[in-house]
Amino acid sequence: VLSEPLIEGVPRQIFLLTDGEVDNKAECIETVKKYAKTTRVFMFGIGREADGDLVRQMAKAGNGRHETIIDNNDMEDKVMRHLTSALKPALV
């Protein structure tokens, strides 16, 4: 996704879900930082095993938001909060 050319006037926003541990955590965060000027990253940690630190750091690096979803019952509300944020401009 990140290697695709940007479409002028259309912000690139990525919604990323993770349900476990990532072996290359630092590389993932650095990749998000590299594209932070053109891409906002919204993170969801799914379940108790998700790496909360990774979720927070990637969202911060990508100027996005993060949520941890443990109970599927509140997933819809959390996803809708992110979608609402994504519709707002990153900078004004």
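Everything discussed here concerns the structure shown above.
Residues numbered from 1 in each chain as written. Predicted model: local features only at pLDDT ≥ 70, side-chain atom pairs only at ≥ 80, totals over all residues. Heavy atoms only, no water.

Trainee: Please explain the pattern of salt bridges as it appears in this structure.
Mentor: When their charged atoms lie close together, side chains carrying opposite charge are able to pair. Applying the stated criterion across every chain yields a total of four salt bridges. A salt bridge links Lys25 to Asp51; the shortest N-O distance between them is 3.5 Å. With Lys25 in helix α1 (residues 25–34) and Asp51 in the loop between β2 (39–46) and α2 (52–61), the pair connects residues that are 26 residues apart, well separated along the chain. Judged by relative accessible area, which is 24%, Lys25 ranks as partly exposed. What makes Asp51 buried here is its relative accessible area of 14%. Through salt bridges that share partners, Lys25, Asp51 and Asp53 make up one connected network. (Salt bridge = Lys/Arg side-chain N within 4 Å of Asp/Glu carboxyl O. Helix = DSSP H or I, 4+ residues; strand = E, 2+ residues; numbered from the N terminus. Buried < 20%, exposed > 50% of the residue type's maximum accessible area, 1.4 Å probe, protein only.)

Trainee: Where do I start with the sheet that holds strand β3 (residues 66–69) in this structure?
Mentor: Whenever strands of a sheet pair, they do so through backbone hydrogen bonds, lying parallel or antiparallel. Read from one edge to the other, the open sheet built from three strands follows the order β1-β2-β3, with strand pairing classed as parallel. Both edges of this open sheet fall to β1 (12–18) and β3, since each of them pairs with a single strand only. Direction aside, the axes of adjacent strands within the sheet are offset by 15° on average. In the packing of α2 onto the sheet, the strands contacted are β1, β2 and β3, and the crossing angle to β2 comes to about 165°. Strands in contact with helix α3 (residues 75–87) are β1, β2 and β3; relative to β2, the strand with the most contacts, it is inclined by about 175°. (Pairing = 2+ DSSP bridges. Axes fitted to C-alpha atoms, helices over the stretch in contact; angles between N-to-C directions. Contact = heavy atoms within 4.5 Å.)

Trainee: Please explain unusual backbone geometry as it appears in this structure.
Mentor: Only a minority of non-glycine residues have a phi that is not negative, and only a minority of peptide bonds are not trans. Positive phi, normally seen in glycine, also occurs at Asn63, with a value near 55°. Examined against the element boundaries, Asn63 turns out to sit in the loop between α2 and β3.

Trainee: Looking at this structure, I do not really get a nonpolar patch on the surface. What am I missing?
Mentor: Side chains of Phe15, Met80 and Leu83 sit close together on the surface and give an oily, nonpolar patch of about 240 Å² of accessible area. If you trace the backbone, Phe15 turns up in strand β1. The class for Phe15 is partly exposed, based on a relative accessible area of 30%. (Patch = residues over 30% accessible without salt bridge, like charges linked within 9 Å, V, L, I, M, F, W, Y side chains within 5 Å. Areas by Shrake-Rupley, 256 points an atom, 1.4 Å probe, with all protein chains shown as cover.)

Trainee: What's the story with the packing of aromatic side chains in this structure? I'm lost.
Mentor: We describe a pair of aromatic rings using the distance from one ring centre to the other and the angle between the two ring planes. One pass over the full model with this rule turns up one aromatic pair. Ring geometry for Phe15 and Phe42: centres 5.0 Å apart, planes at 10°, overall stacked. Here Phe42 lies in strand β2 and Phe15 lies in strand β1, a separation of 27 residues in the sequence. A relative accessible area of 1% places Phe42 in the buried class. (Phe/Tyr/Trp six-rings, centres within 6.5 Å; stacked < 30°, edge-to-face > 60°.)

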